[in-house]
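Structural description and commentary
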Amino acid sequence: MSKPDTPASAPPACPARVVVGYLRRDGWAVPVYGEPTQGNPGAHAAPAPTVSSEAAANNPHFVRLGGVSIIEQLVERFYALMDTLPEAATIRAMHGPNLAPVKEVLVRYITEWTGGPQVYSAERGHPRLRRKHLPFAIGQAERDAWMLCMTQALDEVVADPELKDQLTRAFAKTADFIRNDKGSSHDHHSH
């Protein structure tokens, strides 16, 4: 009996990875690696998450919203509500005193999430929302407070009732996904 060319315990071959872009970090250009895509070696392998199940390029929500200026108004109103609603005091305390940096990040995220320019991913990489929120205790109360602020901001800023409903449902799914309390539907401690 002859020996196989590669032992059964050998790791699978590493897929080809290419530089798909660069991020600015402390004045340096840091390469971002990804899988090469057919016909466009510089394109990202996976699209950013969107409101719909379609790829960002086919997601009409950004245009229907009215672009970046409406998203900026939405984010501004969202954080104003977080600053003033007593029900939001716990989630407001999770933020620093200066909200300007987080406002900019949320504008970029929502812009890309709704199908607009992919500035968020270019600057910050994959959203990894759960991982980025793990340092904070986020349970049902925090999720509900966040949704209270976002729902009211959507009510005040978005005129189209169908679009407002779609966005509210999508934000609710995302807010619930970010929960990290024991017993949440994605609790990794209970398995």
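Here the structure is a predicted model, which is why all the values come from computation and not from measurement.

Some points on the packing of helix α2 (residues 68–84) against helix α7 (residues 140–157)
Working note: a packed helix pair is described by the angle between its axes plus the distance between those axes. The geometry of α2 relative to α7 is characterised by a closest axis approach of 8 Å and an angle of 135 degrees between their N-to-C directions. Judged by the angle between their axes, α2 and α7 are oblique. Considering the relative orientation of α2 and α7, their crossing is right-handed. Contacts from Ile-70, Gln-73, Leu-74, Arg-77, Phe-78, Leu-81 and Met-82 in α2 reach Trp-146, Cys-149, Met-150, Gln-152, Ala-153, Leu-154, Glu-156 and Val-157 in α7. Residue classes in the contact of α2 with α7 are distributed as 11 nonpolar, two polar and two charged.

Observations regarding α2
Because the α-helix completes a turn every 3.6 residues, residues three or four places apart line up on one side. Between its first and last C-alpha atoms α2 spans 24 Å; for 17 residues at 1.5 Å apiece the expected length is 24 Å, and the two agree. If you check which residues of α2 are buried, you get Ile-70, Ile-71, Leu-74, Val-75, Phe-78, Tyr-79, Leu-81 and Met-82. On an axial view of α2, the arc spanned by its buried residues comes to 165 degrees, and they lie on one face. Structurally, α2 contributes buried residues whose contacts are with α1 (61–65), α3 (89–92), α4 (100–113) and α7.

Thoughts on the nonpolar core
Phe-78, Ile-110, Leu-167 and Phe-171 are the most contacted members of the largest nonpolar core, which totals 36 residues. For this core, the secondary-structure elements that each account for two or more residues are α1, α2, α4, α7 and α8 (161–178). With eight residues, the single largest contributor to this core is α2. Phe-78 has contacts with Leu-106, Trp-146, Cys-149, Met-150 and Ala-153, leaving out every residue within four places of it along the chain.

Topic: the environment of Arg-64
With respect to the helices and strands, Arg-64 occurs in helix α1. Taking C-alpha positions, Arg-64 is 9.3 Å from Thr-114, a pair spaced 50 residues apart along the chain. For Arg-64, the contacting residues outside a window of four places in its chain are Asp-160, Glu-162, Leu-163 and Gln-166. A polar atom in the side chain of Arg-64 sits 3.0 Å from the side chain of Asp-160.

Observations regarding α7
Here α7 contains 18 residues, and its C-alpha end-to-end distance of 25 Å stays within 8% of the 26 Å for a straight helix at 1.5 Å per residue. Close packing links the buried residues of α7 with α2, α3, α4 and α8.

A look at the packing of aromatic side chains
Taken as a whole, this structure holds six aromatic pairs when the rule is applied. Ring centres of Phe-78 and Tyr-79 lie 4.8 Å apart, and the angle between their planes is 75 degrees; on these two criteria the pair is classed as edge-to-face. Across the pair, Tyr-79 and Phe-78 agree in class, each one buried. Chaining the aromatic ring pairs together yields one cluster made of Phe-78, Tyr-79, Tyr-109, Trp-113, Tyr-120, Trp-146 and Phe-171.

Let's talk about a positive patch on the surface
A cluster of basic side chains, namely Arg-124, Arg-128, Arg-131 and Lys-132, defines a positive patch on the protein surface. Mapped onto the elements of the fold, Arg-131 is located in helix α6 (residues 129–133).

Some points on the pattern of salt bridges
The tally for this structure, following the rule as stated, stands at 11 salt bridges. Through salt bridges with shared partners, a single ionic network connects Arg-143, Asp-144, Asp-176 and Arg-179.

About the criteria used
Residues numbered from 1 in each chain as written. Predicted model: local features only at pLDDT ≥ 70, side-chain atom pairs only at ≥ 80, totals over all residues. Heavy atoms only, no water. Axes fitted to C-alpha atoms, helices over the stretch in contact; angles between N-to-C directions. Helix = DSSP H or I, 4+ residues; strand = E, 2+ residues; numbered from the N terminus. Parallel < 35°, antiparallel > 145°, perpendicular 65-115°, else oblique. Left-handed = near helix turned anticlockwise from the far one by under 90°. Contact = heavy atoms within 4.5 Å. Nonpolar A, V, L, I, M, F, W, Y, C, P; charged D, E, K, R; others polar. Expected span 1.5 Å × (residues − 1). Buried < 20%, exposed > 50% of the residue type's maximum accessible area, 1.4 Å probe, protein only. Arc of directions from axis to C-beta. Core = buried A, V, L, I, M, F, W, Y, C linked by side-chain atoms within 4.5 Å. Polar contact = N/O pair within 3.5 Å; in protein donor to acceptor, adjacent residues only side chain to side chain. Phe/Tyr/Trp six-rings, centres within 6.5 Å; stacked < 30°, edge-to-face > 60°. Patch = residues over 30% accessible without salt bridge, like charges linked within 9 Å, V, L, I, M, F, W, Y side chains within 5 Å. Areas by Shrake-Rupley, 256 points an atom, 1.4 Å probe, with all protein chains shown as cover. Salt bridge = Lys/Arg side-chain N within 4 Å of Asp/Glu carboxyl O. Lys, Arg positive; Asp, Glu negative; His and termini not counted. Charge placed at Lys NZ, Arg CZ, Asp CG, Glu CD.

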